[in-house]
Amino acid sequence: MAVSIPNNVRSAACDAIVDLIDVDGPGDLQIATTSFAEILATLEFSNPAFGAAVNGVATADTITPDTNTSAGTAAVFRIRDGNGDLVMNGTVGTSGADINLNSVNFASGGTANITSLTVTIPAGG
């Protein structure tokens, strides 16, 4: 039997997760090389970081770009609250990753910009 989660429950769960980013906020999103060997960019969330979830999907408010990146190849990300505590993490790529960028190659002194970010609680399956 497949589990099915109603939209109102998905939205409540999603809101509970993304609201953690605002603890002593604003939180941030760090993009790094494999295993966080080097942080390439740190982008700051608005406070609140996300709007209210609809049908289990929360959309980020404005994310401030990092205009002084380090050189390297992005592979992973982590989202932290205002205390620097981990809220979520995942992969970075150009397609099929948790966060997809135009390019994973960062230049020293470049700009990292994320124009759209959502967090989704699936309906089940």
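Structure first, text after, so check above.
First things first, this report covers the structure right here in the doc. (Residues numbered from 1 in each chain as written. Predicted model: local features only at pLDDT ≥ 70, side-chain atom pairs only at ≥ 80, totals over all residues. Heavy atoms only, no water.)

**Focus: unusual backbone geometry**
At step 1: With an omega dihedral of 10°, the bond running from G25 to P26 counts as a cis peptide bond.
At step 2: Of the consecutive residues N47 and P48, the connecting peptide bond is found in the cis state with omega at 15°.
At step 3: Assignment of secondary structure puts P48 in the loop between β2 (39-45) and β3 (57-59).
At step 4: Backbone geometry at D24 places phi at a positive 50°, although glycine is not the residue there.
At step 5: Checked against the element boundaries, D24 lands in the loop between α1 (7-19) and β1 (28-32).
At step 6: Look at D24 and you get exposed, because its relative accessible area is 56%.
At step 7: Backbone geometry at F36 places phi at a positive 60°, although glycine is not the residue there.
At step 8: Note that F36 resides in the loop between β1 and β2.
At step 9: According to the relative accessible area criterion, F36 is partly exposed, its value standing at 23%. (Helix = DSSP H or I, 4+ residues; strand = E, 2+ residues; numbered from the N terminus. Buried < 20%, exposed > 50% of the residue type's maximum accessible area, 1.4 Å probe, protein only.)

**A few points about the nonpolar core**
At step 1: If you look at the biggest cluster of nonpolar residues, it comprises 29 residues, and the most contacted ones within it are L29, I31, F45, F50, I114 and L117.
At step 2: Broken down by secondary-structure element, the contributors of at least two residues to this core are α1, β1, β2, β6 (76-80) and β7 (86-93).
At step 3: Per-element tally for this core: the top contributor is β2, with 4 residues.
At step 4: Not counting residues up to four positions away in its chain, the partners in contact with L117 are L29, F45, F50, A58, T59, A60, I63, I79 and I99. (Core = buried A, V, L, I, M, F, W, Y, C linked by side-chain atoms within 4.5 Å. Contact = heavy atoms within 4.5 Å.)

**Section: the environment of G109**
At step 1: Inspection of the secondary structure assignment puts G109 in the loop between β9 (105-106) and β10 (118-120).
At step 2: A relative accessible area of 41% places G109 in the partly exposed class.

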